[in-house]
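Structural characterization, general
Each chain is listed here by its residues.
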Amino acid sequence: MRGKFITLEGGEGVGKSTQADALADTLRARGIDVLATREPGGSEGAERIRDLLLWGAEDRWSIEAEALLFAAARADHLAKRIRPALNSGQWVICDRFIDSSLAYQGGAGGLGIDTVRTINKLAIGDCLPDRTLVLALAEGGARARVRDNDGSDRIGGRPDGYHQSVDLAFRQIAAEEPSRVRIVDASGSPAEVTQRLLAGIADLLK
Ligand code: TYD
């Protein structure tokens, strides 16, 4: 039987990577075989593209080139790791996936969510996540945490207004696709947040 495909999304500094690990561990403790992976990256080729995307001058790529590079990395990651894992019955938990492109390049970057969906159609075909959990903090909270972080890569280091548009775009995507995409409150202790994530996939665990 095909495994379930779950993606975690959200802006900078919402504790997403910690939660991806915690969710993977919790599912493993329930006897589920889990592949935990992340984007950009996750396969050898995609990790090379990750370096191109995240480092160098802010104007190194146009927004169009940036969106296409994310999609190219995703196509490789999906073909080499995600699809084979799902086909072998493993569940896949991926830290960021297509919705990051929709929010960062489509919404905040100005390409438009629909244009970025079209670009990614070639990369992923019909392999959309079974569930996408967007970690979100109430307005203001996310930015405060970013300042504690080192938002020093090409994209994390963009101005506050860009990141506010990212948050808005995630909310728009969740409103458009309510059965796939759920907003999860990222406030409180890490254990509380993990419980909320589990509640967000309860129907898949039956
Ligand atoms: P990363 O170090 O993985 O950050 P985080 O811990 O926030 O996930 O850097 C990934 C950066 O790339 C992050 O700023 C979000 C951005 N990104 C996009 O802009 N588009 C995409 O499609 C993906 C997958 C990531």
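Our subject is the structure listed above.
In what follows, the accompanying structure is described. Predicted, not measured: the structure shown is a model, and the values here were computed from it. (Residues numbered from 1 in each chain as written. Predicted model: local features only at pLDDT ≥ 70, side-chain atom pairs only at ≥ 80, totals over all residues. Heavy atoms only, no water.)

All right, on to the pattern of salt bridges then. Evaluation of the coordinates by the stated rule reveals 17 salt bridges. The residue Asp130 makes a salt bridge to Arg2 at a minimum N-O spacing of 3.4 Å. In this pair, Asp130 is assigned in the loop between helix H5 (113-124) and strand E4 (131-136) and Arg2 in the segment before strand E1 (5-10), connecting sequence segments 128 residues apart. In this structure, the salt-bridge partner of Arg180 is Glu177, at a minimum N-O distance of 2.9 Å. What you see here is one network of salt bridges that share partners, running through Asp99, Asp114, Arg117, Glu176, Glu177 and Arg180. (Salt bridge = Lys/Arg side-chain N within 4 Å of Asp/Glu carboxyl O. Helix = DSSP H or I, 4+ residues; strand = E, 2+ residues; numbered from the N terminus.)

A few words on the site of the ligand. What surrounds the ligand is a group of 15 residues, the closest being Glu12, Arg74, Arg96, Ser101 and Gln105. A distance of 2.8 Å separates an oxygen atom of the ligand from a polar side-chain atom of Glu12. Note that an oxygen atom of the ligand is positioned 3.1 Å from one of the side-chain N or O atoms of Arg50. Considered on its own, the ligand offers 540 Å² of accessible surface; in the complex 88% of this is hidden by protein. Secondary structure elements with two or more residues in the shell around the ligand: helix H2 (44-54), helix H3 (63-87) and helix H4 (98-108). (Near = heavy atom within 4 Å. Polar contact = N/O pair within 3.5 Å; in protein donor to acceptor, adjacent residues only side chain to side chain. Areas by Shrake-Rupley, 256 points an atom, 1.4 Å probe, with all protein chains shown as cover.)

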